[in-house]
Every structure is written in C-alpha cells, then in structure tokens.
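Spelled out, the chains give:
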Amino acid sequence: MASPIADLTYRNYDGPLEPPVNRWWAIAKMSMRLSIKKKGFWVWSVISAYWYLILLAVFYFVDSGSQAVAASGQQNPFFKNIVWKDQFLNGFATAQLLMFVLALMLGSGAIANDNRANALLVYLSKPCSKLDYVIGKWLGIFVLISLVSAVPSLIFYGYCLLSYRSYGFVSQDPWLIFRLLGMVLIPGFFHASVSLGISSLFQQGRLAGATYAAFYFFGLFFTKAMQSIVAVSDMNMATGSGGGAPDIVKNLYYCSVDGIQIALAKIFLHTDGSPLISPPGGIGAKFGVVPMPSFWIFVPAYFGICALFMILAWSRIRAVEVVG
C-alpha cells in the first residue's frame, strides 16, 4: 500500500498578511505580566498607601468623637483648618521611598537582564525596532508605577468628596482633581526613564539597582541636610535671632530623585505644602517647609533628566552577541 509523500493534514495559511503593529505594546504587556506576578510588587504597592490609610483612620476617629459638635450644628474645627491639597502632597511625598523600591523591582533589570541573556538578538531580529523596544520597556514600568500612585490618591479624593464638601474640600480648589491626575503621573514618568537608562549600562539587574540606589540615597541625604538648614533658619527668624534660609538652599532641597518629583508635585498642586504634623496656624506650622520652586527651572529640569536617560537607553541598545 502506497503512503502519501507529504502530510496531507498540513494546510498553508491563506489569510490576510498585514504588517505588525503595536509591537511596543506586546513588549509592555509582557513586562507588566511578569511584574505583577511578583509578590513584592503587591506588598510594596499596598504599603505605599500608608499615609492615606493613616488619614482615613484619623478622620474616622475624629468624626466618631465629635458627635456633640455635630449635634449642635457647628462645624468641627479640626476639619475646618485642613488644607486639603496639602494632604495629597504629604501622601505623595511620604510614598517616594516606596515608589523608588518599586522602580528598582520593575526597572533595574528591564534592559540589563536582556543584555545578560542576549535577548536583544531575539527582540531585534523580529520585526521590532529599537523604538518599539524602548517604548515597550518604558511603558511597562510607567503604567504600573502610575497606577500604584493613582489608586490611593483617587480613592482618598472620592472619600473626601463625599464626606467633607461642607468643610471646603471642593471650594478650596475646584480644579484639584485635574491637578491630581497630573501629579500621580510624576513618579512613573521619572522612574521609568531613569531606571531604564541606568539598566542599559549593565549586564546584571543587581548592579543597575545598586547604582540607582546609590544615586537615590546620596541625593536623599543631601536634601535632608538642606531641609534641616531651612528649618533652623525659620526657627531663628521666628525668634528674631537670624534671617531666613537663602534661596539657593531652598532650590538645592529639590536637587534629588525625591526632591525634583516633590517640586513638580508642588507646582501641579500650586502649594508650598505643610508639615505632616503641626498645629494649624501655630508657631511651628511652617518650620522646615520649603516654598514651591520656580516653574521655569524645575519643569524643564525634570523633563530634561528624563529625556537624557531615555537617550542613554536608546544609544546602548545593540543586538550584539557575546562569544566567550
């Protein structure tokens, strides 16, 4: 009995042939899919919202303990003295270290681990350009960090909108929701750009993470020193034994990974901010508070740094096989 020469079960594809599109989105989806499988991502994401959780607990107990004030028809003085947008700024500032930890987890190995595994040979041998690769990797970090930043802020905004309209939550700044929508994108945009640029310099994600950590903590210690100088100067000025801190010290406070993001947040919210714990209008209400910086200095600086690291990542992407 004769057997067929070819496998007759095979059929050639005769469907439409279209050029590949959204190749960057395929890379971004794969990056995000791998990231959300890490338990650490969810743990640090929840911890990053701790300031809003503290505020919700404080508000709940203050509400519960002020039934007599509410029964008399008077407003609670605690809520009357709150500057609402400063609470979002404080939540943003206190989450900076945790956002950095997420950036290390998501971005330090984004390109470095591909360099080690020679994965660029696979990526760039397919119909995938350097632009597709960079955008996909960047978007995979940006989307997740932005979501982690946005979710607690918007939930807290919704709670306050429903509960504290009578205390000026809307009237203090009717455009607050639009300011928040811009503010929550700041960490994702910055960390995605910087971590991607640093990652492109190394063959191992751990080395890239260590480099970014050194850069981060050096700037953090520097800006804390500048903030201490501002606080001491404010105290001396209040007691009449000295003047305020010079403008250069106030600007240097924003010269770090955290600082430049807080500068952008203050510009978006249009506020100087206030201490985390301070009696409203009291003598210590403004000690250590650095005023809102210049728009024309720090907005270009922020986007310039992001662009510089993205160009660095672009220039370092090469599909070169390493032969031992």
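Structure's up top.
Read on for a plain summary of the structure. Just so it is clear, the model here is predicted, and its values are computed rather than measured. (Residues numbered from 1 in each chain as written. Predicted model: local features only at pLDDT ≥ 70, side-chain atom pairs only at ≥ 80, totals over all residues. Heavy atoms only, no water.)

### Remarks on helix H12 (residues 186-199)
In step 1: The terminal C-alpha atoms of H12 lie 20 Å apart, and with 14 residues this matches the ideal 20 Å at 1.5 Å per residue to within 8%.
In step 2: The buried fraction of H12 amounts to 13 of the 14 residues, a majority that puts the element mostly inside the structure. (Helix = DSSP H or I, 4+ residues; strand = E, 2+ residues; numbered from the N terminus. Expected span 1.5 Å × (residues − 1). Buried < 20%, exposed > 50% of the residue type's maximum accessible area, 1.4 Å probe, protein only.)

### Quick notes on the side chain of glutamine 261
In step 1: Of note, glutamine 261 is situated in helix H15 (residues 257-269).
In step 2: For glutamine 261, a relative accessible area of 0% translates into the label buried.
In step 3: Within the structure, the side chain of glutamine 261 is placed 3.5 Å from the side chain of histidine 191, a separation counted as a polar contact.
In step 4: For glutamine 261, the residues in contact, after removing those within four places along its chain, are Phe92, Gln96, Ile186, Pro187, Phe190 and His191. (Polar contact = N/O pair within 3.5 Å; in protein donor to acceptor, adjacent residues only side chain to side chain. Contact = heavy atoms within 4.5 Å.)

### Things to note about the pattern of salt bridges
In step 1: Throughout the structure, instances matching the rule amount to four salt bridges.
In step 2: For arginine 23, the salt bridge goes to aspartate 132, with nearest N and O atoms at 3.0 Å. Of this pair, arginine 23 sits in helix H1 (residues 23-36) while aspartate 132 sits in helix H10 (residues 130-163), and the two are 109 residues apart along the sequence.
In step 3: For aspartate 132, a relative accessible area of 7% translates into the label buried. (Salt bridge = Lys/Arg side-chain N within 4 Å of Asp/Glu carboxyl O.)

Honestly, it's all geometry; don't read function into it.
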